[in-house]
Amino acid sequence: MTSARKARPMFRRLLLAACAAAFAAPAGAATFRLPAHTKTTFENGLTVIVMPARRLPLVEFRLVARAGAVNDPAGREGLAGLTAELLTQGAGRRDARQIAEDIAFVGGALDATASIEQAVVTCEVLGKDFATGLGMFHDVIVQPTFPEAEFKRKQSETLGAIAAQKDDPGTVANNELGPFLMGESPLAHPVIGYARTVGALTRDDAVAFHKRFLVPDRCILAVVGDVDAKAVLAALGKAFSDWKPSGEKPADAYAPLPRDGGRRVLIVSKPEVTQSQIRLACGGVPRNHPDYFAITVANTILGGGFTSRLVNEIRVNQGLTYGISSRWGMYRNAGTFTISTFTRNEKLRKAVDATLGVVKQLVDQGPTEQELAKARRYLTGQYPLGLQAPDALAAQLATVEFYGLPPDFIETYTSRVEGVTMADVKRVLKERFCTDDLKLLVVSNPKTAQESLAGLGPIEVKEME
Amino acid sequence: MRHLGFLLLFACAAAAAPGPASGADTGARPAASGPAEARLVTLKNGMRLLLAPDSTAAAVDLAVWVDAGPVHERAGATGVAHLFEHMMFRGSAHVAAQEHSRLIQAEGGTANATTTPDLACYYQTLPRAALELAFRLEGDRLASLELSPENLEAERSVVRDEKRWRAENSPVGRALQQLYAVAYTRHPYRWPVIGLDEDLARVTLEDCRQFFRGHYAPDNALVTVVGDFDAGEALGYAKRWLEPVPRRRVDATPVPAEPPQTAERRATARMEVPVRLLVLGWKAPGHADPDGPALQLLARIAFNGPSSRLNRALVSGGKQSCLLVQGGLDGRKDAQLLYAVAALRPGADSARVERDLVGEVEKLAGEPVSDEELDRARRQEEIGTLFSWQTARGRAEALGTAQLVDGDWRAAGERLERLRRLTPADLQRAAGRVLQAAGRSVVWALPANAVAQGGAR
């Protein structure tokens, strides 16, 4: 190593100091300017958001339905995902091939997927193909035909994907964490479902799920792009006038997750692995929680950013892993806090102890003022970068509506992040971040893992199905 | 041509301009015909600055484009341009190794770089408040890049790993490389962008220094700033951080010209491929040629998607002799290849597949495409272009490429305008220029451990 390289860290500090002084963002200056938009509720209960953004002659349609995996009936896990995928496999008078060909003809895209709480249908077309796009978008939402052959094909593809997931220890860990942490909660199972439940599904299940959950009073429709607000509202009103509401009050609330009970350990047995997957998790808060911003800032410091405490200590200083992060999953009525990492089997205990140590130290002592400033800066800088394209804007507008966030959430994001104080961060670290109650799941060799994790809490070993 | 383009732009803007829609259009603008309006400024040291401010954008992208790609390499030192791209992140007078990316990430931004056959581009997308940091970091490495033996060895090993990884993971990529080696005899396009193995092993620090001195000079660079920023401020930052980079003499050695091809060229290579691959290329004029959009549409009509001609003829319907057929136009500056790759079904007759493929493609010169085919391809191309212009990064990419490869940033918008006006006759005429036996190259890539079936001559 040359002397020039040794001298580097000093230069770095000097530059950082210079940058901080010269380039500090004026507080509250960089507010995100959201183009004007309108929100309307149609007679059938459909919530419609329209945002003209005419920079480019493109239109983005996005439907968000309360029809996610959380709505899977018990014993039919995987139904929401399968139903969503089938929407584009036959609708109105088109079969799957015709849908693919017609959307390809206008150069557009038409997709449907489900996640934990949502089914999302998106359609992107040129402005001049608005009518074609709207027609197909409407059909896949309101008039899917669920052809038996397509059902069988998607079902078998899904079973294949479930089988393939068992080879990826990271996915195994994520899928097993839900039931381990949340037990019977409808949030617990993977969106893709289980082999035994997906295998038992029938076409009638998909038809019934669509009928019950893809109804206008459970949906938000956002249109962003090269449109005139009045004209697009008229066109949507006409197109979706045949869509009948369920009339049911949405009765799919579920309980918040407990976050006590001390440490439990689950070892998911995968004897052949040399790297152990590690998850540390506990119950969190729902998406519209008043502590959202304080938690987000605190989590950026702990394990959300590129230079977080967890990355610096576990990856850079101790070299125990190549990747470590912490994240908050926030849903309508509940949430989770999860730290994810992996390490060589022989370093398993060391990595777990070191990770718990980092969390505990931050919770006990709080961050430095510099860390807090860095986290605020990172978050306020990154947020608008993710909102450049109309599809991202449409998604964010729908999210605000779906979770009942303050209507000015997007515009005030920056000032709210900047308003998070040291006292706020210290408080949420103590009140919301778990330490002794973190549950530990590892995917590892059960023999070595049992030995190395002894003493952390009651250990259960689970064989893979 | 330029005047015509401007008039059309204007006409289009007027036609698309909407009436005021209940005040919902604040910050809105007429549907644009180009990625953005821009202004070109030249600094005292010769560095060009292309400014495209837009107060409705959510981010700003700053990119340094250097007219220094693999085309500027010499025999025996191939791979230097790409290796150099890696070296640019190894630190400079006031920035430690890899610190550039970390500082940009700390602001919520992203930074990266890319080397194409023609040029290198270093870019960062970031929030407006951090723009000066990007100017400062770019100025520092252009003025005082750290070229040490340790850095060279570190990046040499990274690049050789990258090359191995690519080779292992992309049989089609390796087969395509054979096509370039056959289609070009003198022009540097015959070499892989990442370099030849023997050259990567041999490259010296002096080669790197020479490349830096000869090509990384202010008058050989273009800086694009696109998105949410103030033009006056940006100009101030440029004067402060970029203008002091001393002017240097640019290495003016011309890129060796490729002699005209007069007959079909062929080669057969044995390599690690799972099935027989047939690779075809037709020589086409460089990226700025007015027939570019027509050639792009021809490639789409021939190869893109399940309803393309070759897919219908050889993959899904018709003869079913191939597992897949893909193709496109490579978009290079000095000359382009319209290329195709076919993976043969086991048992298919090689000679017949070649005859069918060549016949289907060259038929495009003999008769016009249908209106429906043209319409479909045009929409796909148009929507792809517009989608790429949604972000500041995408608009910067379009403007910078147009300026450096086509010679004028307005070329990006003009391409789209030309595309919108194309007729079946235009496509047929362009096909007639390009889809000829004399400009064709044919490469067979055959599995190394298997006896070839059929007649790969």
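Bear in mind the structure is a predicted one, so any value in this text is a computation, not a measurement.

> Residues and numbers for helix 10 (residues 292-303) of chain B, please.
With 12 residues, helix 10 of chain B should cover 16 Å at 1.5 Å per step; its first-to-last C-alpha distance of 16 Å lies within 8% of that length. Just downstream of helix 10 of chain B, Gly-305 of chain B is the residue with a positive phi angle, here 85°.

> Can you break down the packing of helix 4 (residues 96-105) of chain A against helix 13 (residues 371-388) of chain B residue by residue, with the values?
In contact at an axis separation of 8 Å, helix 4 of chain A and helix 13 of chain B are set at 75° when each is read in the N-to-C sense. Relative to helix 13 of chain B, the element helix 4 of chain A lies roughly perpendicular. For the pair formed by helix 4 of chain A and helix 13 of chain B, the contact residues are Glu-101, Ala-104 and Phe-105 of chain A on the first element and Glu-372, Asp-375, Arg-376, Arg-379 and Gln-380 of chain B on the second. Of the residues that constitute the contact of helix 4 of chain A with helix 13 of chain B, the class distribution is two nonpolar, one polar and five charged.

> Lay out the domain arrangement of chain B in plain terms, naming residues and giving numbers.
Where interface size is given, it is often the accessible area lost as the parts come together that is meant. Residue and element names in this part refer to chain B. As far as domains go, chain B holds domain 1 (10-17 + 36-241) and domain 2 (265-447). Taking only C-alpha atoms into account, the centre of domain 1 sits 27 Å from that of domain 2. Taken together, both faces of the contact between domain 1 and domain 2 bury some 3300 Å²; the carbon and sulfur share is 70%. Counting the surface domain 1 buries against domain 2, the share from its top three residues, Trp-65, Leu-179 and Val-182, is 17%. Counting across the domain 1 and domain 2 interface gives one salt bridge. We note a salt bridge from Asp-61 to Arg-393, for which the minimum N-O separation is 2.7 Å. At the level of secondary structure, the elements contributing two or more residues to the side of domain 1 that touches domain 2 comprise strand 2 (48-53), strand 3 (60-66), strand 5 (120-126), helix 6 (171-183) and strand 6 (221-227). Top contributing element to the side of domain 1 that touches domain 2 by residue count: helix 6, with 10 residues.

> Residues and numbers for the domain arrangement of chain A, please.
All names here are of chain A. In terms of domains, chain A is made up of domain 1 (3-239) and domain 2 (265-463). Computed over C-alpha atoms only, the centres of domain 1 and domain 2 are separated by 24 Å. Each partner contributes to the interface: domain 1 provides 39 residues, whereas domain 2 provides 37 residues. Glu-401 serves as the salt-bridge partner of Lys-39, at 3.1 Å between the closest nitrogen and oxygen.

Parameters and conventions
- Residues numbered from 1 in each chain as written.
- Chains lettered and ligands numbered in written order.
- Predicted model: local features only at pLDDT ≥ 70, side-chain atom pairs only at ≥ 80, totals over all residues.
- Heavy atoms only, no water.
- Helix = DSSP H or I, 4+ residues; strand = E, 2+ residues; numbered from the N terminus.
- Expected span 1.5 Å × (residues − 1).
- Axes fitted to C-alpha atoms, helices over the stretch in contact; angles between N-to-C directions.
- Parallel < 35°, antiparallel > 145°, perpendicular 65-115°, else oblique.
- Contact = heavy atoms within 4.5 Å.
- Nonpolar A, V, L, I, M, F, W, Y, C, P; charged D, E, K, R; others polar.
- Domains from an automatic or database assignment.
- Buried area = accessible area lost by both parts, 1.4 Å probe.
- Salt bridge = Lys/Arg side-chain N within 4 Å of Asp/Glu carboxyl O.

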